[in-house]
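What follows is the residue order along each chain.
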Amino acid sequence: MDPIYLDHNSTTPVREEVLEVMLPYLRHSYGNPSSIHRFGQHAWKAMEEAREKVAHLIHADPAEIVFTGGGTEADNLAIKGVAYGNRQKGGHLITSAIEHEAVLKTCHHLEKEGFQVTTLPVDRYGRVAPEDLRSAIRPDTILMTIMHANNEVGTIQPVEEIGEIARAHGVLFHTDAVQSVGKIPVDVGKIGADLLSMSAHKVNGPKGIGALFVGRTGKLEPQITGGHHEMNRRAGTENVAGIAGLGKAAELAGTELERYRERVRLQRDDLWERIRGRIDYVHLNGHPVKRLPNTLNISFEFLEGESLLINLDLKGVAASTGSACSSGSLDPSRVLLAMGVSRTLAQGSLRFSLGRGTTPEEIDRTLGALTETVCRLRSMSPLYADARRKAKSA
Ligand code: PLP
């Protein structure tokens, strides 16, 4: 039986249509987009067409799109670019406790250089309170960086409100939309974002290519210096094949957005309802409604997420215990801890993230494999036996 992949928040398979548009730029259309001759012009045209498609998906202007080597680089460019470029205005940044490492570590890096960072707490659903944000703003605040949707639990932040607050206080607003672009509508104007990061490999595009939307930021200091590429914002000969792939992935994600959202949401909710019906002592992590439609993060009492993960993998189901960057470590998820989830429950968490290709049969098989695995592992837990006994006698 084919293995089941339910780890689409980590990465997604490259779609056939995406691969098709990429291949010519790895074969005969190898020109450098900066070259004046026809080879160069052909590559340049492909790149600009992709820029239009990416811009269209997030309701931006093509001139506001800077291609980067992925989401991490886009986050770095946004945060360090604004910090270094606006140092004379102030040295204070605001972020949240549940950001991706690409944002948090970048903020920590800046702290070591003398910038000050306020890290906002989140509520039990993983949402930042706009009032907290408002009161964290100082005269020297130059940037707030708050993600659009969380990779581990899928919670969607009140970004429109955050954008309004930022604008009202004259502070720049960056949002890491790596997980939301292509999964829910993303409109930079409605959000009021000045900078927005995205990545191709989360939307069935290739790895190592992404983009940063750059609106009105004042000065954005390039983080990779060299030639005049990308309007002097990111030097280096462009990854034309990757960019063409990102463009196609963005186009497809845009045309299929509504259908995708509805389909994965129904499948995801069906999976959760059936898990709840069959397995006791389970808890949903993340916001019940304001959540990415494909993401289901569950804590299983009396279990370790890692052993669930390994046993499910043996049964042909690939899930995750949280962020791909921290899997392999037995530490409980810092995102869940920040949401107030206990260490034990955080350690017993598992994330299923569905994708475009997920089928109802795969949901059925996942449910079967999960139920069997949970029952078997719990049958070895004296704590679980105890809890059942107590529940029966109550
Ligand atoms: N931001 C978020 C929210 C992510 O989920 C990821 C990837 O997991 C990244 C940034 C990093 O993107 P990339 O893998 O393209 O560097």
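Asker: Quick one: what's the story with the overall build of the protein, residue by residue and with numbers?
Answerer: A tally of helices and strands in the protein yields 14 helices and 12 strands. The C-alpha radius of gyration computed for the protein amounts to 22 Å, which stays within 12% of the reference 21 Å derived for 394 residues, consistent with globular compactness. In the protein, of all internal contacts separated by at least 6 residues, the share reaching a separation of at least 24 is 74%. Put simply, the protein shows about 17,000 Å² of open surface, and 54% of that area lies on carbon and sulfur atoms. Side chains of the protein give 47 positive and 48 negative charges; the mean places of these two sets differ by 2 Å.

Asker: With reference to specific residues and values, describe the domain arrangement of the protein.
Answerer: Domain annotation for the protein reports domain 1 (4–9 + 257–393) and domain 2 (16–253). On a C-alpha basis, the centroid separation for the pair domain 1 and domain 2 is 30 Å. Facing the 28 residues of domain 1 at the interface are 30 residues of domain 2. With both chains or domains summed, domain 1 and domain 2 bury close to 2,500 Å², and 54% of this area falls on carbon and sulfur atoms. Taken together, the links from domain 1 to domain 2 amount to one salt bridge.

Asker: Provide a residue-level description of unusual backbone geometry, including the pertinent values.
Answerer: A positive phi is found at Met-231, a non-glycine position, where the angle reads about 50 degrees. By the element assignment, Met-231 lies in helix H8 (residues 229–232). Since its relative accessible area comes to 40%, Met-231 is described here as partly exposed. We note that Phe-302 has phi near 65 degrees; this positive angle belongs to a residue other than glycine. When you line up the elements, Phe-302 lands in the loop between strand S10 (295–300) and helix H10 (305–314).

Asker: Explain the sheet that holds S10 residue by residue, including any values.
Answerer: Overall, antiparallel pairing links the three strands, which are arranged S9-S10-S12 in an open sheet. Since the sheet does not close on itself, it has two edges, and those belong to strand S9 (282–285) and strand S12 (349–353), each with one partner. Shown here is a sheet whose adjacent strand axes are inclined to one another by a mean of 30 degrees, direction ignored. Of the strand pairs in this sheet, S10 and S12 are connected by five bridges, and their pairing is antiparallel. Opposite Leu-296, over in S12, you have Phe-352 as the bridge partner. Lying over the sheet, helix H9 (residues 240–278) contacts S9, S10 and S12, oriented at roughly 15 degrees with respect to S10.

Asker: Describe the site of the ligand, naming the residues involved and giving the relevant values.
Answerer: Neighbouring the ligand are 13 residues, the closest being Gly-71, Thr-72, Asp-176, Ser-199 and Lys-202. Between the ligand and the protein, one listed contact pairs a nitrogen atom with a side-chain N or O atom of Asp-176 at 2.6 Å. One of the side-chain N or O atoms of Gln-179 is found 2.8 Å from an oxygen atom in the ligand. When isolated, the ligand has an accessible area of 390 Å², and the protein chains bury 88% of it. The dominant element in the shell around the ligand, judged by the number of residues it contributes, is helix H3 (residues 71–85), at three residues. When grouped by side-chain class, the residues that make up the shell around the ligand number two nonpolar, eight polar and three charged.

Asker: Break down the packing of H3 against helix H4 (residues 101–112) for me, with residues and values.
Answerer: Look at H3 against H4: their axes get within 9 Å of each other, and the N-to-C directions meet at 30 degrees. Judged by the angle between their axes, H3 and H4 are roughly parallel. Note on packing geometry: the crossing formed by H3 with H4 is right-handed. Between H3 and H4, the contacting residues are Thr-72, Asp-75, Asn-76, Ile-79, Lys-80, Ala-83 and Tyr-84 on the first element and Ala-102, Val-103, Thr-106, Cys-107, His-109 and Leu-110 on the second. In terms of residue class, the contact of H3 with H4 is made up of seven nonpolar, four polar and two charged.

Asker: Give a detailed account of the sheet that holds strand S8 (residues 210–214), specifying residues and quantitative values.
Answerer: If you walk across this open sheet you meet the seven strands as S2-S8-S7-S6-S5-S3-S4, and the pairing is mixed. With partners counted over all chains shown, the strands left at the sheet margins are strand S2 (65–68) and strand S4 (116–120), one partner each. Taken over all neighbouring pairs, the strand axes of this sheet differ in orientation by 20 degrees on average, direction set aside. Inspection of the sheet shows strand S3 (residues 92–96) paired to S4 by five bridges, in the parallel sense. Residue pairing across strands places Ile-94 opposite Thr-118, the latter belonging to S4. Helix-sheet contacts for H3 involve S2, S3, strand S5 (141–145), strand S6 (172–176), strand S7 (195–199) and S8, and the interaxial angle to S7 is about 160 degrees.

Asker: With reference to specific residues and values, describe the side chain of Arg-15.
Answerer: Among the secondary structure elements, Arg-15 is positioned in the loop between strand S1 (4–5) and helix H1 (16–26). Polar contacts involving the side chain of Arg-15 include one to the side chain of Glu-256, which spans 2.9 Å. Setting aside its immediate chain neighbours within four residues, Arg-15 contacts Asn-204, Leu-252, Glu-256 and Arg-356.

Asker: Run through the nonpolar core, naming residues and quoting values.
Answerer: With 47 residues, the main nonpolar core has Ile-58, Ile-65, Phe-67, Met-144 and Leu-196 as its most contacted residues. The element best represented in this core is helix H2 (residues 38–57), accounting for five residues. If you count residues domain by domain, this core takes at least three from each of domain 1 (4–9 + 257–393) and domain 2 (16–253). In this structure Phe-67 touches Met-47, Ala-50, Arg-51, Val-54, Gly-210, Ala-211, Glu-230, Arg-234, Ile-243 and Leu-246, once residues within four positions along its chain are discounted. The next biggest cluster of nonpolar side chains, apart from the first, holds 27 residues, and it includes Tyr-260, Val-264, Leu-308 and Val-374.

Each value, and the rule that gives it
Residues numbered from 1 in each chain as written. Predicted model: local features only at pLDDT ≥ 70, side-chain atom pairs only at ≥ 80, totals over all residues. Heavy atoms only, no water. Helix = DSSP H or I, 4+ residues; strand = E, 2+ residues; numbered from the N terminus. Rg over C-alpha atoms; globule rule 2.2 N^0.38 Å. Contact = heavy atoms within 4.5 Å. Areas by Shrake-Rupley, 256 points an atom, 1.4 Å probe, with all protein chains shown as cover. Lys, Arg positive; Asp, Glu negative; His and termini not counted. Charge placed at Lys NZ, Arg CZ, Asp CG, Glu CD. Domains from an automatic or database assignment. Buried area = accessible area lost by both parts, 1.4 Å probe. Salt bridge = Lys/Arg side-chain N within 4 Å of Asp/Glu carboxyl O. Buried < 20%, exposed > 50% of the residue type's maximum accessible area, 1.4 Å probe, protein only. Pairing = 2+ DSSP bridges. Axes fitted to C-alpha atoms, helices over the stretch in contact; angles between N-to-C directions. Near = heavy atom within 4 Å. Polar contact = N/O pair within 3.5 Å; in protein donor to acceptor, adjacent residues only side chain to side chain. Nonpolar A, V, L, I, M, F, W, Y, C, P; charged D, E, K, R; others polar. Parallel < 35°, antiparallel > 145°, perpendicular 65-115°, else oblique. Left-handed = near helix turned anticlockwise from the far one by under 90°. Core = buried A, V, L, I, M, F, W, Y, C linked by side-chain atoms within 4.5 Å.

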